[in-house]
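One letter stands for each residue in the lines below.
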Amino acid sequence: MTRPGFVLEVDDRTPHLMTMSGAELRLERFGIGTQVVYTADAVGSSDPVGLIDAAVGAPIGSAPLADLLRPDTKLTLVIVDADAPLPRPHFDPRRTLTERVLELAARGGVDDVELVVANGLKQRWSIQQVTRVLGDRIATSFLPDGLITSHDVTSPDLVTIGQVDGTPSASTGGSPIPTWWW
């Protein structure tokens, strides 16, 4: 059973409440009359693909994605490397979301498409990781043409774009995921 949400109004009998302070927890006294919102426990969706389709088809505060894609659009999809989130999700939306966006792009006549895996400080994805996360269909369509690249700190084409407190800041255009990885 999930916990329902509620609003606590602080009065003179309310004890100190636990709050976040950066990465730490601390007890904090709130003023009388403060309303503290406790959200309800999240309930897992029985149809996560339907939620993705609804979000792409009717986003909040924007036109549907299909209306924004034209033949002259240059489309770059950034896939976040979230291989080890804790706790592990029951459903990884990256494949479904990428497939839906690529299908809409194809219907809209977009042919300038690139996928970038944002690795940051993590190791580059192998071909097997690309295939596992994004699926055979996307891997076989984009990998042979070098249209799936990696953006990470080990890229050989990093260039210094400036300094912050004497430390060089680098940027890269992304490096193709090597086809020699097994």
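This report concerns the structure included in the present document.

Definitions and limits used
Residues numbered from 1 in each chain as written. Predicted model: local features only at pLDDT ≥ 70, side-chain atom pairs only at ≥ 80, totals over all residues. Heavy atoms only, no water. Salt bridge = Lys/Arg side-chain N within 4 Å of Asp/Glu carboxyl O. Helix = DSSP H or I, 4+ residues; strand = E, 2+ residues; numbered from the N terminus. Buried < 20%, exposed > 50% of the residue type's maximum accessible area, 1.4 Å probe, protein only. Arc of directions from axis to C-beta. Contact = heavy atoms within 4.5 Å. Axes fitted to C-alpha atoms, helices over the stretch in contact; angles between N-to-C directions. Parallel < 35°, antiparallel > 145°, perpendicular 65-115°, else oblique. Left-handed = near helix turned anticlockwise from the far one by under 90°. Nonpolar A, V, L, I, M, F, W, Y, C, P; charged D, E, K, R; others polar. 1 Å grid on protein atoms, 1.4 Å probe; cavity = no way out; pocket = protein on both sides within 12 Å on 5 of 7 lines; lining within 4 Å. Points joined across faces, edges and corners; volume = space filled by probe spheres on them. Core = buried A, V, L, I, M, F, W, Y, C linked by side-chain atoms within 4.5 Å. Phe/Tyr/Trp six-rings, centres within 6.5 Å; stacked < 30°, edge-to-face > 60°.

Attention shifts here to the pattern of salt bridges. Taken as a whole and judged by the stated rule, the model has eight salt bridges. Lys74 is the partner of Asp112 in a salt bridge, and the nearest nitrogen-oxygen pair spans 3.7 Å. Of the two residues, Asp112 is situated in strand 6 (residues 112-120) and Lys74 in strand 5 (residues 74-80); the sequence distance between them amounts to 38 residues. Judged by relative accessible area, which is 35%, Asp112 ranks as partly exposed. A salt bridge links Asp92 to Arg94, with the nearest nitrogen and oxygen atoms 2.6 Å apart.

Quick look at helix 4 (residues 127-134) now. By the burial criterion, the buried members of helix 4 are Val130, Val133 and Leu134. Here the buried residues of helix 4 occupy an arc of 80 degrees about the axis, which is enough to place them on one side. Buried residues along helix 4 sit against strand 5, helix 3 (94-107), strand 6, helix 5 (136-142) and strand 7 (148-152). After helix 4 finishes, the residue Gly135 shows a positive phi value of roughly 95 degrees.

Running from N to C, helix 1 (residues 48-57) and helix 3 point in directions that differ by 40 degrees, and their axes come no closer than 10 Å. By the criterion of interaxial angle, the relationship of helix 1 to helix 3 is oblique. Crossing of helix 1 over helix 3 shows right-handed handedness. The segment helix 1 lies against helix 3, with Val49, Ile52, Asp53 and Val56 engaging Thr96, Leu97, Arg100 and Leu104. In terms of residue class, the contact of helix 1 with helix 3 is built from five nonpolar, one polar and two charged.

If you add up the space inside the largest pocket, you get close to 230 Å³. Lining the largest pocket we find 13 residues, and of these Leu102, Ala106, Val113, Ser141 and Phe142 sit closest to its centre. Here the lining of the largest pocket gets five residues from one element, more than from any other, and that element is helix 3. Looking at the lining of the largest pocket residue by residue, the class counts come to eight nonpolar, one polar and four charged.

The next point concerns the nonpolar core. Formed by 23 residues in total, the largest nonpolar core has its most connected members in Leu75, Leu115, Leu134 and Ile148. Looking at this core, the elements with two or more residues in it are helix 1, strand 5, helix 3, strand 6, helix 4 and helix 5. In terms of residues, this core owes the most to one element, helix 3, which gives four residues. When sequence neighbours within four positions are dropped, the list of residues in contact with Leu134 reads Ile79, Arg94, Arg95, Thr98, Glu99, Leu115 and Ile148.

Relative to the assigned elements, Arg13 resides in the loop between strand 1 (6-9) and strand 2 (17-21). The sequence separation of Arg13 and Ile32 amounts to 19 residues, and the corresponding C-alpha distance is 9.4 Å.

For the structure on display, the rule yields one aromatic pair. Ring centres of Phe6 and Tyr38 lie 4.8 Å apart, and the angle between their planes is 15 degrees; on these two criteria the pair is classed as stacked. Residue Phe6 is located in strand 1, and its partner Tyr38 is located in strand 4 (residues 35-38); the two are separated by 32 residues in the primary sequence. Overall, the relative accessible area of 42% leaves Phe6 in the partly exposed class.

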